[in-house]
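Breakdown of the fold
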Amino acid sequence: MPTTLSPQLQEAAESLINNLLASEAFVHYQNAHARFKADQEACDLMDQLAKLQARLRQKQADGEVNQAEIDSLRLLQQRAQRNSVIMAYSQSQEEAVNLLREINKEISQLLGLNFASFANHATC
Amino acid sequence: MEDQTFDNIEIAPLSAVLAAAHDFAAALAETAQFKAFEDVAERFRRDSVAQQAMNAYQEKQKTWRALIMLNALSPEQSAELESLKNAFFDQTVVQEYLKAQTELAALCQFLGDILSEPTGLNYAAACGVSCCG
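Here goes a summary of the coordinates provided. (Residues numbered from 1 in each chain as written. Chains lettered and ligands numbered in written order. Predicted model: local features only at pLDDT ≥ 70, side-chain atom pairs only at ≥ 80, totals over all residues. Heavy atoms only, no water.)

As for the overall build of chain B
To be explicit about the condition: Secondary structure is summarised from DSSP: a helix means a run of H or I of at least four residues, a strand means a run of E of at least two, and numbering begins at the N terminus for each. Each radius of gyration reported is based on C-alpha atoms, and the globular scaling rule is 2.2 Å times the count of residues to the power 0.38. Contact between two residues is taken to exist if any of their heavy atoms lie within 4.5 Å; hydrogens are not considered. Note that accessible areas follow from Shrake-Rupley with a 1.4 Å probe, and for residues the cover is restricted to the protein chains shown. Neither His nor the chain ends is counted toward charge; the positive residues are Lys and Arg and the negative residues Asp and Glu. For this purpose, a charge sits on NZ of Lys, CZ of Arg, CG of Asp or CD of Glu.
Looking only at helices and strands, chain B features seven helices and two strands. Counting helices and strands in the order they occur from the N terminus, chain B gives β-β-α-α-α-α-α-α-α. Over its C-alpha trace chain B gives a radius of gyration of 22 Å, far above what one expects of a compact globule, namely 14 Å for 133 residues. C-alpha extents for chain B along the principal axes are approximately 70 × 35 × 20 Å. A sequence separation of at least 24 residues applies to 56% of the contacts in chain B between residues at least 6 apart. As displayed, chain B has an accessible area near 8000 Å², and 52% of this comes from carbon and sulfur atoms. Taking the average place of the 9 positive charges on the side chains of chain B and the average place of its 19 negative ones, the gap between the two points comes to 13 Å.

Considerations on the layout of surface pockets
To locate leftover empty space, one rolls a probe as large as a water molecule over the atoms. Residues and elements named next belong to chain A. Here is the rule: Using protein atoms alone on a 1 Å grid, points that fit a 1.4 Å probe yet trap it form a cavity, whereas open point sets bounded by protein on both sides within 12 Å along at least five of seven lines form a pocket; residues with an atom within 4 Å of a point count as lining. Grid points are joined across faces, edges and corners, and a volume is the space filled by probe spheres set on the points. When residue character is reported, Ala, Val, Leu, Ile, Met, Phe, Trp, Tyr, Cys and Pro are called nonpolar, Asp, Glu, Lys and Arg charged, and the others, Gly included, polar.
If you add up the space inside the largest pocket, you get close to 190 Å³. Lining of the largest pocket is provided by Phe-36, Met-46, Leu-49, Gln-77, Ala-80, Gln-81, Ile-86, Met-87, Tyr-89, Ser-90 and Gln-93. Listing elements by their share of the lining of the largest pocket, those giving two or more residues are α3 (40–61), α4 (67–82) and α5 (84–111). For the lining of the largest pocket, the element with the most residues is α5, which contributes five residues. Of the residues assigned to the lining of the largest pocket, the class counts are seven nonpolar, four polar and no charged.

What about unusual backbone geometry?
Glycine aside, residues mostly have negative phi, and peptide bonds are mostly found in the trans state. Its identity as a non-glycine residue notwithstanding, Asn-71 of chain B has a phi of 55°, on the positive side. Note that Asn-71 of chain B resides in the loop between α4 (65–69) and α5 (75–89).

Things to note about α5 of chain A
Selection criterion: What a helix should span is 1.5 Å times the count of its residues minus one.
Its 28 residues place the ends of α5 of chain A 40 Å apart at the C-alpha level, agreeing with the 40 Å of an ideal helix rising 1.5 Å per residue. Downstream of α5 of chain A by a residue or two, Gly-112 of chain A has a phi angle that is positive, lying close to 80°.

Let's talk about the interface of chain A and chain B
The criterion, for reference: Buried area counts how much accessible surface, traced with a 1.4 Å probe, disappears from two parts once they are put together, with both parts' losses summed. One speaks of a salt bridge when a side-chain nitrogen belonging to Lys or Arg is within 4 Å of a carboxyl oxygen belonging to Asp or Glu. A 3.5 Å cut-off defines polar contacts: any pair of N or O atoms within that distance qualifies, except that in protein one atom must be a possible hydrogen donor and the other a possible acceptor, and neighbouring residues in sequence count only when both atoms are side-chain atoms.
Contact residues are listed per partner, giving 44 residues for chain A and 49 residues for chain B. It is Leu-9, Phe-115 and Phe-118 of chain A in chain A that bury the most area against chain B; as a group they hold 14% of the surface buried on that side. Linking chain A with chain B are zero salt bridges, by the criterion used here. Remark: the boundary between chain A and chain B carries five residue pairs in polar contact (both at pLDDT 80 or more). Listed by contribution, the elements that provide at least two residues to the side of chain A that touches chain B are α1 (7–21), α2 (24–38), α5 and α6 (115–119) of chain A. It is α5 of chain A that provides the largest number of residues to the side of chain A that touches chain B, a total of 13 residues. Residues belonging to the side of chain A that touches chain B are distributed by class as follows: 27 nonpolar, 13 polar and four charged.

Here we look at the side chain of Ser-23 of chain A
When you line up the elements, Ser-23 of chain A lands in the loop between α1 and α2. Every residue in contact with Ser-23 of chain A, bar those within four places of it in the chain, is listed here: Leu-99 of chain A together with Ile-11, Ala-12 and Val-17 of chain B.

Some thoughts on α4 of chain A
Residues and elements named next belong to chain A. With 16 residues, α4 should cover 22 Å at 1.5 Å per step; its first-to-last C-alpha distance of 23 Å lies within 8% of that length. Buried-residue contacts for α4 involve α3 and α5. Of the residues flanking the start of α4, the one acting as N-cap is Asn-66, its side-chain oxygen 3.1 Å from the backbone nitrogen of Ala-68.

Considerations on the packing of aromatic side chains
Rule in force here: Note on aromatic pairs: the rings of Phe, Tyr and Trp (six-membered ring only in Trp) are paired at centre separations within 6.5 Å, and the planes decide the class, stacked below 30 degrees, edge-to-face beyond 60, tilted for the rest. Using a 1.4 Å probe on the protein chains alone, a residue whose accessible area is under 20% of its type maximum counts as buried, one over 50% counts as exposed, and one in between counts as partly exposed.
With the rule as written, the count across this model stands at twelve aromatic pairs over all chains. A ring pair is formed by Phe-115 of chain A and Phe-24 of chain B, whose centres lie 5.6 Å apart and whose planes are at 80°; its orientation type is edge-to-face. Placement of the pair is Phe-115 of chain A in helix α6 and Phe-24 of chain B in helix α1 (residues 14–29), with the two residues belonging to separate chains. Take Phe-115 of chain A and Phe-24 of chain B: they sit in the same class, and that class is buried.

Listed below in structure tokens is the structure:
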């Protein structure tokens, strides 16, 4: 069943979104995200890292990881940490997440329940 | 209200963002779904029969947690646990609570989605909520 919001709730949601997007944390995040997307080297490095992590996770579950593979992962992680575009993106994301947590605390305090828990789609 | 100007973008101060969050929560608190949940939650809290049934079920789960995890309950234990579970979930106020909770969750999930989409971050995940709450 589609959800219809009251005009008051619709307006309040839009105001919250607009204020969030205009916050320092989210302006930084959006800028850092755009710089990351525009940087081929940074994107390729993160892609390599994600694929290697996924591969090693699977191998670990099967008990097949060897030291050389762990060393490769470590090297890639160190390269990512030396990449200023990746680190700026990561840092800005952390700040944006912290702001969302602060907002959730504000919302949850008034409601008397954890809004994020109720907003969560995933179930076990 | 003072706004910082940063590279020609007007930055919303934290106070404005938190005020918008407060107003959002206040609007959510006025919805039928939230009021219904609040009402039944209070009735559930005051229902001694339902509370006793819940406590009995939870205590037994706690006592037998290791057996449950190992799927090692005897048939008699399973039957007893099932009986306690049914005694709890058959309570009218419990059924009403679960219905109200589901309806409020549906609304909050919709709101979480509309907060997530423009920001590019999953609201619930960012706030540290996993599938187990």
